[in-house]
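Understanding the architecture of this molecule
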Amino acid sequence: MDRRRVQGPETSVVPFPLLDDAAPGVVAPPLQAGKRAGGRRPEDMRPIFLRTGLISQASGSAYIEMGRTKVACAVYGPRQIKKQQGFSEQGRLYCEFKFATFACKKRRNHQRDSQEKEFSQVIVQALTPSIRLEKLPKSVVDIYVTVVENDGTASCLAAAITAASTALADAGVEMIDLVAAASLAYQQRRPEGDAPTGENTREAGAADLVLAQMPSLGDVTHLLHRGPVDWAQMSRAVEQCIDVCAKIHAVMVHSLREHSAAEQ
Amino acid sequence: MASFGLVSQVERDFVERGVDVGIRADGRARDDYRPPRVELGLVSQSDGSARCQLGDGTDVLVSVRCELGQADPAADDRGRLAVSVECSPSASQRFEGRGADDLNTELSEAVTRALTGPQSGLNLRQLCIVPGMHCWVLNIDAIVLNYGGNVVDALLIATRAALADTRVPRTVVQEMEDGAMDFEVDDDVENAQPLEHVHNVPLCVTANKIGAGYVLDATLTEELCASARLHVTVNSSGQVCAAQKSGDGAIEPSLLMAMLQAAKEQARRLLEQQDEQIRRHETEIAAKRARGEPVKRPSIFV
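These numbers were taken from a predicted model, which means no experiment stands behind them.

We now examine the environment of B:Leu163. All names here are of chain B. Examined against the element boundaries, Leu 163 turns out to sit in helix 3 (residues 151-165). For the pair Leu 163 and Val 64, spaced 99 residues apart in the sequence, the C-alpha separation amounts to 6.9 Å. If we skip the residues at most four places from it in the chain, Leu 163 touches Val 64, Leu 115, Leu 122, Leu 138, Ile 140, Leu 195, Val 198 and Val 201.

Right, dumping it as structure tokens:
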């Protein structure tokens, strides 16, 4: 018998419906009296739980929960840049974004796949404008993001950016502003804020948007959109995300204040 | 794109002031696009191919090959696309070894985002052979032969043209006595089918933020001076199919909207030009066939 192969029947069926983002046939439940599941209005996000300083070994850390989306983020550094990476007059950010192997409906591999690598780049690009990297010559700041539970991939990315920025502030890295990120999904041609997996479908016409912004300065630091959407809807969605970012900013400030008050 | 060498402070200043007053080094206005030169059907070993050149620098080659694959259980009545982008070391010494890994990831994801999912506009059901068992996988492989700025746009222009050039071999499905399905691939290129709805495939236009303004279709020097880039992918019905910021800078919301709008307008013009070119290419092939000249075989038989 060949033990290197999985001994299974020649024909098999999928054991359960994969409620992955790509699964067809999953349609968002219709609005009930203008509200979504959980009594949210279309533009509302899920309540946020954000706490800093939970990882004792890190220079700064943050943990965020939005519904069942759970993301932990740790910041280490600034530390000296490695010799082989060369001299750099400005500091650098390095990010490692990882879904825990059990975070999604399908098991993830231990090695980072291309989506995780791309999200790492997105997080670096979203945070770089907010950090005074000229103050950190020859140094690198490491950001490690672990998604413990994925309830909507777009919301995971937004939560990761928000948590990473809070963790950087917690680590005492000099910044010009915090970065807040919001996500939304277009459902039957209307934008709905912060959609969990069941609502966030990639059926024909489905689309999502992640937008990161420095709320006090107003500048947009990242924008990631996919899916066919008319121009009018897109501009409305961008405005809606910017509004939500201001609300997330208040939560970030509150949790940072609370943590520093508790330390004193 | 710091890996392409450095740009001096004076050079940066020159480009930024130029953008401020609407003058660029090659004489274009801020919204002007270098006319892309596209050639179709260059690679005889693939089922569809195209090359796109922008200006004197950028040069990309895209090949589409049909391969037999297992159907994805989550979407068992459809085929799929697999995109990979590689920056050739001949384009820049920095691409040698693992030097281009980050850029390859970024470019592949940018093209993937435009082409996978409903935004590609393609009819993926056409690529299904036996539902739940076999399908065609379209391997879209791109090589960046020369890097002269604005590579993402060139990649999508070439990919769209290559998809229009692609012919999928015909398959004949037979039911066996025990109920199992078997199929044969027809090796006659006369019977191979073009992809349906290729005209819905989107194109990408990149706006680069330089100083307080923006330019479309930046050259390499301009890209080095840009603080942020915005890739906007638009289809022929004017819908935004994908949008992504890259680079280390931030963009004010009003400028962001202006960049999106300008990119969308430019994409519409590019789509019209390309559809015209694809029509010309198809009439040429039809004329060749009518004259009885040989046409290539599907790649899986080569």
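Structure's up, so let's keep going.
Turning next to the side chain of A:Ser61. Tracing the chain through its elements places A:Ser61 in strand 2 (residues 60-66). What makes A:Ser61 buried here is its relative accessible area of 1%.

A few words now on unusual backbone geometry. Following A:Gly77, the chain continues into A:Pro78 via a peptide bond in cis, with omega recorded as 0°. Tracing the chain through its elements places A:Pro78 in strand 3 (residues 69-80). Unusually for a residue other than glycine, B:Asn150 sits at a positive phi of about 60°. Along the chain, B:Asn150 falls in the loop between strand 6 (134-146) and helix 3. Although it is not a glycine, B:Asp217 sits at a positive phi angle of roughly 50°. If you trace the backbone, B:Asp217 turns up in the loop between strand 12 (213-216) and helix 4 (220-225).

Moving on to the interface of chain A and chain B. Between chain A and chain B, the residue contacts involve 35 residues of the former and 33 residues of the latter. Carbon and sulfur atoms supply 59% of the area buried between chain A and chain B, which totals about 2900 Å² over both sides. Where chain A meets chain B, there are one salt bridge. Linking A:Glu118 and B:Arg113 is a salt bridge whose minimum nitrogen-to-oxygen distance equals 2.3 Å. Between chain A and chain B we count 14 residue pairs in polar contact (both at pLDDT 80 or more) in total.

This part covers the pattern of salt bridges. Applying the stated criterion across every chain, the model contains 25 salt bridges over all chains. Between B:Asp77 and B:Arg125 there is a salt bridge; the shortest N-O distance is 3.1 Å. Pair noted here: B:Asp77 is in the loop between strand 3 (58-70) and strand 4 (80-87) and B:Arg125 is in the loop between helix 2 (101-115) and strand 5 (128-130), with a separation of 48 residues, a long-range link. The class for B:Arg125 is partly exposed, based on a relative accessible area of 47%. The salt bridge involving B:Lys209 is made with B:Glu252; its shortest N-O contact spans 3.3 Å. Of the two residues, B:Lys209 is situated in strand 11 (residues 203-210) and B:Glu252 in the loop between strand 14 (240-246) and helix 5 (253-290); the sequence distance between them amounts to 43 residues. By relative accessible area, which is 9% here, B:Lys209 ends up buried. Residue B:Glu252 is classed as partly exposed on the basis of its relative accessible area of 27%. Each of A:Arg46, A:Arg68, A:Lys70, A:Glu149 and A:Asp151 takes part in salt bridges that share partners, so that together they form one network.

Turning our eyes to something else, we now look at the UniProt feature "coiled-coil region" (unreviewed entry) in chain B. Mapped onto this numbering, the UniProt entry gives "coiled-coil region" (unreviewed entry) at residues 257-291 of chain B. Along residues 257-291 of chain B, the helical share is 97% and the strand share 0%, with 51 Å between the first and last C-alpha atoms.

The next point concerns the packing of aromatic side chains. Residues and elements named next belong to chain A. Scanning the entire structure with this criterion turns up five aromatic pairs over all chains. Here Phe 49 and Tyr 63 contribute two aromatic rings whose centre-to-centre distance is 6.3 Å and whose plane-to-plane angle is 70°, an arrangement assigned as edge-to-face. One end of the pair, Phe 49, is in strand 1 (residues 48-52); the other, Tyr 63, is in strand 2, and 14 residues separate them in sequence. Classification of Tyr 63 as buried rests on a relative accessible area of 18%. Note on Tyr 76 and Tyr 144: the rings are 5.8 Å apart at their centroids and 65° apart in plane angle, and the pair reads as edge-to-face. Of the two residues, Tyr 76 sits in strand 3 while Tyr 144 sits in strand 5 (residues 139-149), which places them 68 residues apart along the sequence.

A few words on the side chain of B:Thr233. All names here are of chain B. Mapped onto the elements of the fold, Thr 233 is located in strand 13 (residues 228-234). Judged by its relative accessible area of 3%, Thr 233 is buried. Sequence-distant contacts of Thr 233, that is, excluding residues within four places in its chain, are made with Ala 114, Pro 202, Leu 203, Cys 204, Gln 239, Val 240, Cys 241 and Ala 242.

On to a nonpolar patch on the surface. Residues and elements named next belong to chain A. On the surface, Leu 54, Ile 55, Tyr 76, Tyr 94 and Tyr 144 cluster together into a nonpolar patch covering about 420 Å² of accessible area. If you trace the backbone, Leu 54 turns up in the loop between strand 1 and strand 2. Looking at Leu 54, the relative accessible area reads 52%, which means it is exposed.

Residue and element names in this part refer to chain A. Read across the sheet, five strands follow the order 1-2-3-5-4 without closing on themselves; strand pairing throughout is mixed. At either end of the open sheet lies a strand with only one pairing partner, and these are strand 1 and strand 4 (92-99). Between one strand and the next, the sheet's axes are offset by a mean angle of 15°, whatever the strand orientation. Sheet topology note: the strand 3/strand 5 ladder contains nine bridges and is antiparallel. Bridge pairing in strand 5 places Val 75 opposite Ile 143.

Interpreting fine coordinate detail is not advised for predicted regions of low pLDDT. Residue and element names in this part refer to chain A. In the predicted model, chain A carries a mean pLDDT of 85, and 83% of its residues have values of at least 70. Long-range and interchain partners of residues 20-26, a stretch whose pLDDT sits below 50, account for 15 contacts in this model, where long-range means more than four residues apart. Of the regions scoring below 50 in pLDDT, residues 200-205 engages in 24 contacts with residues more than four places distant in sequence or in other chains.

Rules behind the numbers
Residues numbered from 1 in each chain as written. Chains lettered and ligands numbered in written order. Predicted model: local features only at pLDDT ≥ 70, side-chain atom pairs only at ≥ 80, totals over all residues. Heavy atoms only, no water. Helix = DSSP H or I, 4+ residues; strand = E, 2+ residues; numbered from the N terminus. Contact = heavy atoms within 4.5 Å. Buried < 20%, exposed > 50% of the residue type's maximum accessible area, 1.4 Å probe, protein only. Buried area = accessible area lost by both parts, 1.4 Å probe. Salt bridge = Lys/Arg side-chain N within 4 Å of Asp/Glu carboxyl O. Polar contact = N/O pair within 3.5 Å; in protein donor to acceptor, adjacent residues only side chain to side chain. UniProt positions renumbered as here; feature names shortened; annotations may be inferred. Phe/Tyr/Trp six-rings, centres within 6.5 Å; stacked < 30°, edge-to-face > 60°. Patch = residues over 30% accessible without salt bridge, like charges linked within 9 Å, V, L, I, M, F, W, Y side chains within 5 Å. Areas by Shrake-Rupley, 256 points an atom, 1.4 Å probe, with all protein chains shown as cover. Pairing = 2+ DSSP bridges. Axes fitted to C-alpha atoms, helices over the stretch in contact; angles between N-to-C directions. pLDDT = per-residue confidence, 0-100.

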